[in-house]
Amino acid sequence: MKRYVYINDDESARDLYCDNRISNRKYTLLNFIPKNLGEQFSRFMNQYFLLIACLQLWPLITPVNPASTWGPLIFIFAVSATKEAWDDYNRYLSDKKANEKEVWVVMHGLRKLVQAQDIHVGNIIWLRENDEVPCDLALIGTSDPQGVCYIETAALDGETDLKTRVIPSACMGIDSELLHKIKGVIECPSPDKDIRRFDANLRLFPPFLDNDVCPLTIKNTILQSCYLRNTEWACGVAVYTGNETKLGMCRGVPEPKLTAMDAMIDKLTGAIFVFQIVVVIVLGIAGNVWKDTEANKQWYVKYPEEGPWFELLIIPLRFELLCSIMIPISIKVSLDLVKSLYAKFIDWDNGMIDQETGTPSHATNTAISEDLGQVEYILTDKTGTLTENKMIFRRCCINGVFYGNDSGDALKDVELHNAVSSGSPDVIHFLTIMAICNTVIPIKAKTGDIFYKAQSQDEDALVRAAAWLHMVFVNKNANILEIKFNASTIQYEVLETLEFTSDRKRMSVVVKDCQNGKILLLTKGADEAILPYACPGQQTRAFFEAVEQYSQLGLRTLCLAWRQLKEDEYEEWSLLFKEANSTLVDREWRIAEVCQRLEHDLDILGVTAIEDRLQDGVPETIETLRKAGINFWMLTGDKQNTAIQIALSCNFISPEPKGQLLLIDGKTEDEVRQSLERVLLTMRITTSEPKDVAFAVDGWALEIALKYYRKAFTELAILSRTAICCRVTPSQKAQLVELLKSCDYRTLAIGDGGNDVRMIQQADIGVGISGREGLQAARAADYSIGKFRFLKRLILVHGRYSYNRTAFLSQYSFYKSLLICFIQIFFSFISGVSGTSLFNSLSLMAYNVFYTSIPVLVSVLDKDLNEETVMQHPQILFYCQAGRFDFIMLSTLFFQILCIIFYNFFICGDVSLEIRLIVGQWSLNSQYQFLNRLLNPSTFAGWFGRSLFHAIVVFVISIHAYAYEKSEMEEVSMVALSGCIWLQAFVVTLETNSFTILQCIAIWGNLASFYFINWIFSALPSSGMYTIMFRLCRQPSYWTTVFLIVAAGMGPILALKYFRYTYRPSKINILQQAERLGGPILSLGSIEPQPRPILEKEVSPLSITQPKNRNPVYEPLLSDSPNTRRSFGSGAPFDFFQTQFRLSSSYSRNKDN
């Protein structure tokens, strides 16, 4: 699709395209309620609760007042709606401020001050220095005679360096007074969000130009939210307005990411729902049987002789309403609230502020903090992420002569300075390319000093190095470049610029020497993009050796070349280049094809070597996170040798003999296949050895492997803990992330530049570094940090704490709901299986909303270990990683428990022992062990069993103490409810690891508020609880009953916890003891994996099978046996986890005992 923008035509485009009104609002006053309710009811749980609430409006089946469900439901919906309304109101205020900003617009030949929202496509906008650009403009005039202006794009891409924009050639020389009257048409594509591309054509109407086509590129535009700098004025034509600007197209709401814990909670909710349906069916049948048999024998029970046709459904539906609280209605709001707090903790962390730049950490996505504690793979960029992106020119090779090898700094090499002084032609040409083959802008300060604004740190280093060697780039006036060499001034006219792309991997400029009129092609780029295009007969061996030598030192290399063009050759090529620039379809590909026709037969001059130092703390961070079982992949555009040297220096891979690096290379399918076979065979053999095995692959081989041998490469990815992928493109980075995600691994991608955005957005967690390449990566990421070293704290501290707290909160929410529901079920067995509720509606409503919610919300402050201990022992992150789920297995467990309940209540009358036995046997069964220690079916079964046990304790003691003739049902109900509240207070206290004043107030203050609230209701005659709490609190038997409930309910749990903590402590328990005693830990046992069933089958060389329950990424050893414990030498770091490498899913796991 195309759009035609008619310049300075006030009427033509007014109805065709939108105005410049910005709207990021999600709602309006009219659609807020229906749209918000529609969004909330799109979730299954909300639909379920709405159905339950509607069924409770049917008086025939509801066992409680409908307010018990409608109250919490409305409260929760109101909280969510209020949050959405507040966020939308803030967006409205931001939009209003932008829309009402005043700008100068040319209307009917006159400049008028209008609001930004009144701009239309085709209007001419007049900007002054430091003005913000209100919409996307195509430049037609500037205050500079050469048609140049400078803009700041920090708000667009985060890059603070000024960029140049130039008016199209068709507008050159038009007087500023005539710009008000200019007429023409711009043919451009439909709006898109690519901020680096604008392929359009301009035609000016007579008398300005006789319909000659002039191509427009991104260099001829100023995009919305940029600022005009160092330019008195500029004007342009509005081509995209409102939400159709490139920035507006990028503002779309990203798709929400589902965390591993959210997925687990959804599956556990599904299992509970299945269990609930089975309970309802069983109790419904039992209730109908009892009604038809036993009810007729009771004088006080009277059913009508003939009921409605749906009579058999009444009791099951009553039980459905009674059991609906099994699924906690408040869990979604509670999780959203605490996750927002987790994000704030990251924002407030002073330990993650970059002191050099003052950049704090920031959580853009507030919903996935717990996933940080479950990361299994980290995919990282190199330049600017692991390194500082501060480029320093170190060495060079010019025409086979090496400079800087002795001193390590070519700028101090006497031989190079002598060559410059003597005027060596090759050296002078070499320095000239360094100085002007770039997009650098020289800026002269008032003091006379020259500063350079460069979009690339490599170009900045080359220009500064050339200046140090007396080839000084002093001025850039439109297309005229001015260089001072020693005492002479040299001028070049830039005829064409062949820009760098990730596909071409080189950049060229065509310049004309103003002294002699010669036309020169100057080129720089990667060795594989330059050396193969050397002129026939030139010896390039020395240059290959230089590239190899510099790469071995971890230096970044660029090859420099040139050739002289004949005038007729340039003229012929220029026509093709202009035609390619005018193409609206596949312009980038056409330009690359035309560039290829010129960039050949090059005279290779030499090779530059630039050092990019590692950031502080990178080796330590990678080593620590590898101890935590996290795998690392480096994805870089650098040469393989350079990447390998950087990987060695930052502990990414280990040198021989401890480590082994396998190379995958090849230019054809057969070569890549053979290389993959060799590496896979070696990897399968060495996985049983205590050796750090990694592989390296370049972009070409990677492209073939992903296209033709994806299964083999996937197996290789599973087998290897470390990979180095070189010469990869942004799309390949995203493909690798997708590959690991397809294997069900939790991935984290980290980068600092615009070429990392696709990778960051594709990963489960995206982390951007606010670096020298701008803020594009940081803005696209879920989290932004100032330096790579803060990743350690982000994962180990914030990720682990968030995971632990969310695991407790979610399971506790199910526990408290199941507890009250089981009591209701037990009560039905002594009330004729009729579905009668023991608790009144008011108590049920307050139970979920007030009595049990506040104490658990302060779990966001809980810390099982101090931050220092967590950072010192990263291996404990194993307890958060790689949890897996078996829905059928958990449903089977619930069904077994249900059968025991039903059988024993009717036959034996006791269920507690059998329930505890089956839950314990199931939990201890080796095939059901899960590495994820805090939230999985095993731990959930423990909370399920605890709720069942506590329900039995509360029900049995309450009934035996108060179920006599003179007791009221409300008294029994209040005693049972009091027992639940007391038990939960002790449960929260027992599960809390670190206490603060706020936590103590929340737990025990909430208990006091329970009595205070019920005293108030007991004073109201209409509450249905009149005088109940007053009478109970005066009875010693009430307090005795509460004491017995707490003692019977918490006694076994305390005993079990004491036994495990004393005699079978986990590694975390040992660390907790050490913290409390304040002494060092001398020895800890190793952590061994529990055996899992692994399918063994023969695998062909290039075929793998991914089972559903695959092996974890890097499993720790989980043996608590004292015989397996080993001590470490004094002064050694406390490493109590043994390394265990994963094998392929098709191979057995080899364990070192």
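Residues numbered from 1 in each chain as written. Predicted model: local features only at pLDDT ≥ 70, side-chain atom pairs only at ≥ 80, totals over all residues. Heavy atoms only, no water.

J.: Is there a simple way to think about helix H19 (residues 699-708) in this case?
T.: Since the α-helix advances by 3.6 residues per turn, residues separated by three or four positions end up pointing in the same direction. Among the residues making up H19, those that are buried are Gly699, Ala701, Leu702, Ile704, Ala705 and Leu706. At its buried positions, H19 is contacted by strand S28 (659-664), helix H18 (669-686), strand S29 (692-698), helix H20 (710-719), strand S30 (722-726) and helix H21 (730-742). (Buried < 20%, exposed > 50% of the residue type's maximum accessible area, 1.4 Å probe, protein only. Helix = DSSP H or I, 4+ residues; strand = E, 2+ residues; numbered from the N terminus. Contact = heavy atoms within 4.5 Å.)

J.: Where do I start with the packing of aromatic side chains in this structure?
T.: Throughout the structure, instances matching the rule amount to 32 aromatic pairs. Look at Trp86 and Tyr89: their rings are 6.3 Å apart centre to centre, the planes differ by 35 degrees, and that puts the pair in the tilted class. Pair noted here: Trp86 and Tyr89 are both in helix H3 (residues 67-99), with a separation of three residues, about one helical turn. Assessed through its relative accessible area of 55%, Trp86 is described here as exposed. For Tyr89, a relative accessible area of 43% translates into the label partly exposed. Taking 6.3 Å as the distance between ring centres and 25 degrees as the angle between the ring planes, the aromatic pair formed by Trp982 and Phe986 counts as stacked. Taken together, the residues Trp982 and Phe986, both in helix H31 (residues 969-991) and four residues apart, mark about one turn of the helix. Grouping aromatic residues by their ring pairs yields a cluster made of Phe275, Phe822, Phe826, Phe944 and Phe955. Above the plane of the ring of Tyr17 lies Arg3, whose end atom (NZ or CZ) is 4.0 Å from the centre. (Phe/Tyr/Trp six-rings, centres within 6.5 Å; stacked < 30°, edge-to-face > 60°. Lys NZ or Arg CZ within 6 Å of the ring centre and 35° of its normal.)

J.: How do you make sense of the nonpolar core when you look at a structure like this?
T.: The nonpolar side chains of a soluble globular protein tend to be buried with one another. Grouped together as the largest cluster of nonpolar side chains are 152 residues, with contacts concentrated most on Ile378, Ile724, Leu748 and Leu791. Element by element, the count of residues in this core is highest for helix H24 (residues 790-829), at 24 residues. (Core = buried A, V, L, I, M, F, W, Y, C linked by side-chain atoms within 4.5 Å.)

J.: So what exactly am I meant to see when it comes to the pattern of salt bridges here?
T.: Any two side chains of opposite charge can pair, given that their charged atoms come close. The tally for this structure, following the rule as stated, stands at 47 salt bridges. Between Lys339 and Asp262 there is a salt bridge, with its nearest N and O atoms 2.9 Å apart. Of this pair, Lys339 sits in helix H8 (residues 331-347) while Asp262 sits in helix H6 (residues 260-293), and the two are 77 residues apart along the sequence. Using a relative accessible area of 17% as the deciding quantity, one classes Asp262 as buried. Among the ionic contacts, a cluster of salt bridges with common partners joins Arg197, Asp199, Arg587 and Glu588. (Salt bridge = Lys/Arg side-chain N within 4 Å of Asp/Glu carboxyl O.)

J.: Looking at this model, I keep getting lost on the environment of Tyr1038. Mind explaining?
T.: With respect to the helices and strands, Tyr1038 occurs in helix H34 (residues 1036-1063). Distance from Tyr1038 to Tyr962, taken between C-alpha atoms, is 8.9 Å for residues 76 residues apart in sequence. Sequence-distant contacts of Tyr1038, defined by excluding residues within four places in its chain, comprise Tyr962, Val975, Ser978, Tyr1011, Leu1032 and Cys1033. In this structure the side chain of Tyr1038 is engaged in a polar contact, spanning 2.7 Å, whose partner is the side chain of Ser978. (Polar contact = N/O pair within 3.5 Å; in protein donor to acceptor, adjacent residues only side chain to side chain.)

J.: What am I meant to see in a nonpolar patch on the surface here?
T.: A grouping of Phe1012, Trp1015, Ile1016, Leu1020 and Phe1030 is seen on the molecular surface, where their side chains present a nonpolar patch of about 460 Å² in accessible area. Turning to its location among the elements, Leu1020 is positioned in the loop between helix H32 (997-1018) and helix H33 (1028-1033). (Patch = residues over 30% accessible without salt bridge, like charges linked within 9 Å, V, L, I, M, F, W, Y side chains within 5 Å. Areas by Shrake-Rupley, 256 points an atom, 1.4 Å probe, with all protein chains shown as cover.)

J.: Just checking my understanding: could you explain helix H15 (residues 587-598) for this structure?
T.: The terminal C-alpha atoms of H15 lie 17 Å apart, and with twelve residues this matches the ideal 16 Å at 1.5 Å per residue to within 8%. Every buried residue of H15 is listed here: Arg587, Ile591, Val594, Cys595 and Leu598. Seen end-on, H15 carries its buried residues on one side only, within an arc spanning 105 degrees. (Expected span 1.5 Å × (residues − 1). Arc of directions from axis to C-beta.)

J.: Any chance you could explain the packing of helix H10 (residues 425-436) against helix H11 (residues 457-468) here in plain terms?
T.: Each pair of packed helices can be described by the angle between their axes along with the distance between the axes. Where H10 contacts H11, the two axes come as close as 7 Å, and the packing angle between them is 135 degrees. In this view, H10 runs oblique relative to H11, as classed from their interaxial angle. When you trace H10 past H11, the crossing you get is left-handed. Contacts between H10 and H11 involve Leu431, Met434 and Ala435 from the former and Leu462, Val463, Ala465 and Ala466 from the latter. Class assignment for the residues of the contact of H10 with H11 results in seven nonpolar, no polar and no charged. (Axes fitted to C-alpha atoms, helices over the stretch in contact; angles between N-to-C directions. Parallel < 35°, antiparallel > 145°, perpendicular 65-115°, else oblique. Left-handed = near helix turned anticlockwise from the far one by under 90°. Nonpolar A, V, L, I, M, F, W, Y, C, P; charged D, E, K, R; others polar.)

J.: Explanation requested: the environment of Ala781 in the structure shown.
T.: Checked against the element boundaries, Ala781 lands in the loop between helix H23 (776-780) and strand S33 (783-785). Separated by 19 residues in the primary sequence, Ala781 and Gln762 place their C-alpha atoms 10.0 Å from one another. Once residues lying within four places of it in the same chain are set aside, the contact partners of Ala781 are Thr364, Ile760, Gly766, Val767 and Gly768.

J.: Please clarify how the pairing of strand S31 (residues 747-751) should be interpreted in this entry.
T.: Remember that side chains alternate between the two faces of the sheet whenever the strand is regular. Judged by how many residues are buried, S31 sits mostly within the fold: five of five residues are covered. Neither face of S31 is open: one carries Thr747, Ala749 and Gly751, the other Leu748 and Ile750, and all of them are buried. Handedness of the β-α-β unit built from S31, helix H22 (residues 757-762) and strand S32 (residues 765-769) comes out right-handed. (Right-handed = clockwise from strand over helix to strand, strands pointing away.)

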